[in-house]
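# A closer look at the structure
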Amino acid sequence: MIMPSHTRREFTKLALTALPGAGLLSSISRLSAAEAPARPNSKVAGVQLGINVPYSFANATMSGDDILKNCVQLGMSAVELRTQPVEAFLGLPADLTKSKKGEDKSAATARAGKLSEWRKGVSMDRVKEFRSKFESAGVLIEIVKVDGLFKMTDDELDYSFALAKALGGRAISSEISHAETELKRVGQFADKHQLMVGYHGHATTKPEDWEAAFALSKYNGANVDLGHFVAGNNTSPIPFIKQYHERITHVHLKDRKLNNGPNTPFGEGDTPIAEVLRLIRDNKWNIQATIEFEYKIPAGSDLMTELARSVKFCRDALA
């Protein structure tokens with residue numbers, strides 16, 4: 001099985017094909033008891049290892065129950081969770097989130113209006129039910145990924161921050177914008193709700209892009225993707241992390257090669273994953289180290305097996 005090469009934009013728009021059941025079950029059966037404890041614990045030497053879900057499971061339509069099952073199986077006790085499975089649990093009609101073939105601008109605007117109205121009626125008590133299910137199983141929802149943040153109405157931004165808090169999140173994450181007006185506006189809501197926004201960067205993102213966001217709001221932060229940083233900037237992210245650790249909500253763990261090189265299994269690229277993990281450990285920084293799975297799955301292996309190997313790499317680095 002080959003992991004599809006997909007961007008976050010494609011992942012958000014498309015419901016990727018679910019993993020073949022037989023392959024998933026076979027990988028789960030191979031995981032040892034040590035890798036899949038009854039109650040997960042991925043806080044290692046003070047560093048909270050997490051996983052970006054459902055993105056790392058390559059299934060955009062995965063339910064909260066299935067996400068939780070996989071996290072427990074991998075021994076992961078913290079996540080960066082997208083809002084889609086939460087809103088599906090809350091009963092969001094699917095036709096409000098998907099554009100229809102041939103949909104014109106007026107139809108899209110009307111659909112966005114209906115979605116905004118639906119969000120106004122969400123009960124945060126129901127959101128806490130979702131949170132309780134995860135926490136009862138030993139999994140914390142520390143980071144809440146919100147797609148389309150900059151296009152939201154004021155009411156929807158208030159909703160997103162309230163949703164994140166109800167889920168137990170200590171930060172929101174979003175793709176970074178290069179428009180000062182957008183960063184300033186979202187930053188004002190972050191300041192209002194006193195909740196960090198970790199802006200995620202790709203290979204094209206430079207340190208000065210985050211610095212511009214920092215200057216606009218106390219609660220504008222960074223989600224530093226280690227692999228993308230190395231591939232796009234051709235240098236280590238460690239100096240940036242040292243300088244701005246108080247503004248970093250979480251780092252994405254993936255291994256890439258320099259010069260916009262490909263994703264690789266952990267330990268085979270040019271990304272200093274182990275060094276960053278130890279840096280967080282030694283300084284006792286409250287930065288989630290979040291696995292984001294993107295490399296091609298080797299022949300004869302499967303997704304859960306490769307995820308387990310990635311987790312083991314991180315645990316070994318902190319041992």
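These remarks concern the structure in this document. (Residues numbered from 1 in each chain as written. Predicted model: local features only at pLDDT ≥ 70, side-chain atom pairs only at ≥ 80, totals over all residues. Heavy atoms only, no water.)

A few words on the packing of helix α3 (residues 64-74) against helix α6 (residues 124-136). In the contact formed by α3 and α6, the axes pass within 10 Å of each other and the chain directions differ by 20°. Our classification of the angle between α3 and α6 gives roughly parallel. The interaxial crossing formed by α3 with α6 has right-handed handedness. Facing α3, whose interface residues are Gly64, Asp65, Ile67 and Leu68, α6 presents Phe130, Lys133 and Phe134. Classifying every residue of the contact of α3 with α6 by side-chain character gives 4 nonpolar, 1 polar and 2 charged. (Axes fitted to C-alpha atoms, helices over the stretch in contact; angles between N-to-C directions. Helix = DSSP H or I, 4+ residues; strand = E, 2+ residues; numbered from the N terminus. Parallel < 35°, antiparallel > 145°, perpendicular 65-115°, else oblique. Left-handed = near helix turned anticlockwise from the far one by under 90°. Contact = heavy atoms within 4.5 Å. Nonpolar A, V, L, I, M, F, W, Y, C, P; charged D, E, K, R; others polar.)

Counted according to the given criterion, the structure contains 10 aromatic pairs. Geometrically, the ring pair formed by Phe89 and Phe130 is edge-to-face, given 5.4 Å between the ring centres and 70° between the ring planes. Note that Phe89 is positioned in helix α4 (residues 84-89) and Phe130 in helix α6, a separation of 41 residues in sequence. Relative accessible area serves as the criterion here: at 4%, Phe130 is assigned to the buried category. Both rings, one in Trp210 and one in Phe229, keep their centres 6.4 Å apart while their planes meet at 10°; by these two values the pair is stacked. Separated by 19 residues along the polypeptide, Trp210 in helix α9 (residues 207-214) and Phe229 in helix α10 (residues 226-233) bring together distant segments of the chain. The exposure classification of Trp210 matches that of Phe229, with both residues buried. Members of the aromatic cluster, connected to one another through ring pairs, are Trp210, Phe214, Phe229, Phe240 and Tyr244. (Phe/Tyr/Trp six-rings, centres within 6.5 Å; stacked < 30°, edge-to-face > 60°. Buried < 20%, exposed > 50% of the residue type's maximum accessible area, 1.4 Å probe, protein only.)

The subject of this paragraph is α6. With 13 residues, α6 ought to run about 18 Å at 1.5 Å a step, and its terminal C-alpha atoms sit 18 Å apart, in line with that. What α6 keeps buried is the set Val127, Phe130 and Phe134. Looking straight down α6, one finds that the buried residues subtend no more than 55° of arc, so they occupy a single side. Looking at α6, the residues exposed on the side facing more than 90 degrees away from the buried face are Asp125 and Ser136. Residues of α6 that are buried make contact with α3, β3 (78-82), α4, β4 (140-145) and α7 (154-166). (Expected span 1.5 Å × (residues − 1). Arc of directions from axis to C-beta.)

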